[in-house]
Amino acid sequence: CACHRELNATCTDGSGDPGENRFLVQSCSCGSGYGGTFCDVDVDGCNDIDCFPGVECTDNPAPLTGATCGDCPNGTVTRNDSCEDVNECQSNATNDCEQNCANDVGSFSCSCNAGYTLNENGKSCDGQYVAIRMAQFVVFPR
């Protein structure tokens, strides 16, 4: 059998007729963390795990299985072994937009209402205050 027994692989009985001029096909049953035809390939655990975008995945070397994701990026928090976005717009500690706040993955951005312009600081707005004249009509009896 060509299986790598030193890597905890075992040979399995194959199929076919071992009679004259015929071959008996055997296969390998691989140990934990190994794969391939002869169980000599370290299976990449990163193929089976989805790390948060931009987070590095590190394969656990055989005979271990699986993989480990790196630290969550700024603007996210670790919950249940994954990264979740923090909505900065919902917190007075992080949302210092003067008018409008839009949450982005890992950050946020500010914008202004119509008629206003976002300042260079990216948070406050300048614009023109438009006063509306109200006319008061008084009806006099005839």
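Reading guide: rules and limits
Residues numbered from 1 in each chain as written. Predicted model: local features only at pLDDT ≥ 70, side-chain atom pairs only at ≥ 80, totals over all residues. Heavy atoms only, no water. Salt bridge = Lys/Arg side-chain N within 4 Å of Asp/Glu carboxyl O. Buried < 20%, exposed > 50% of the residue type's maximum accessible area, 1.4 Å probe, protein only. Helix = DSSP H or I, 4+ residues; strand = E, 2+ residues; numbered from the N terminus. pLDDT = per-residue confidence, 0-100.

S.K.: I'm lost on the pattern of salt bridges in this one. Help?
M.R.: Where charged atoms from two side chains of opposite charge come close, those side chains can pair. Tallied over the entire structure, the rule returns two salt bridges. With its nearest N and O atoms 3.1 Å apart, the salt bridge here joins Glu84 to Arg79. On the accessibility criterion, Glu84 (32% relative accessible area) is partly exposed. In this structure, the salt-bridge partner of Asp96 is Lys123, at a minimum N-O distance of 3.1 Å. In this pair, Asp96 sits in the loop between β8 (82-85) and β9 (100-104) while Lys123 sits in the loop between β11 (116-118) and β12 (125-127), placing the two residues 27 residues apart along the sequence. On the basis of relative accessible area, Asp96 is assigned to the partly exposed category, the value being 42%.

S.K.: Sorry, what's going on with the confidence of the model for the protein chain here?
M.R.: One rule of thumb: low pLDDT means the predicted coordinates there are not for detailed reading. Confidence in the prediction of the protein chain, expressed as mean pLDDT, is 81, and 80% of residues score 70 or more. Across the protein chain, the secondary-structure element scoring lowest on mean pLDDT is strand β1 (residues 10-15), at 73, and the one scoring highest is strand β5 (residues 57-59), at 94.

S.K.: What's the story with unusual backbone geometry in this structure? I'm lost.
M.R.: A negative phi holds for most residues other than glycine; trans holds for most peptide bonds. In this structure, the amide linkage connecting Ala62 to the following residue, Pro63, adopts the cis form with an omega of 15 degrees. Considering the arrangement of structural elements, one finds Pro63 in the loop between β5 and β6 (67-69). Its identity is not glycine, yet Cys39 carries a phi of approximately 60 degrees, on the positive side. Along the chain, Cys39 falls in the loop between β3 (34-35) and β4 (41-42). Under the relative-accessibility criterion, Cys39 is labelled buried at 0%.

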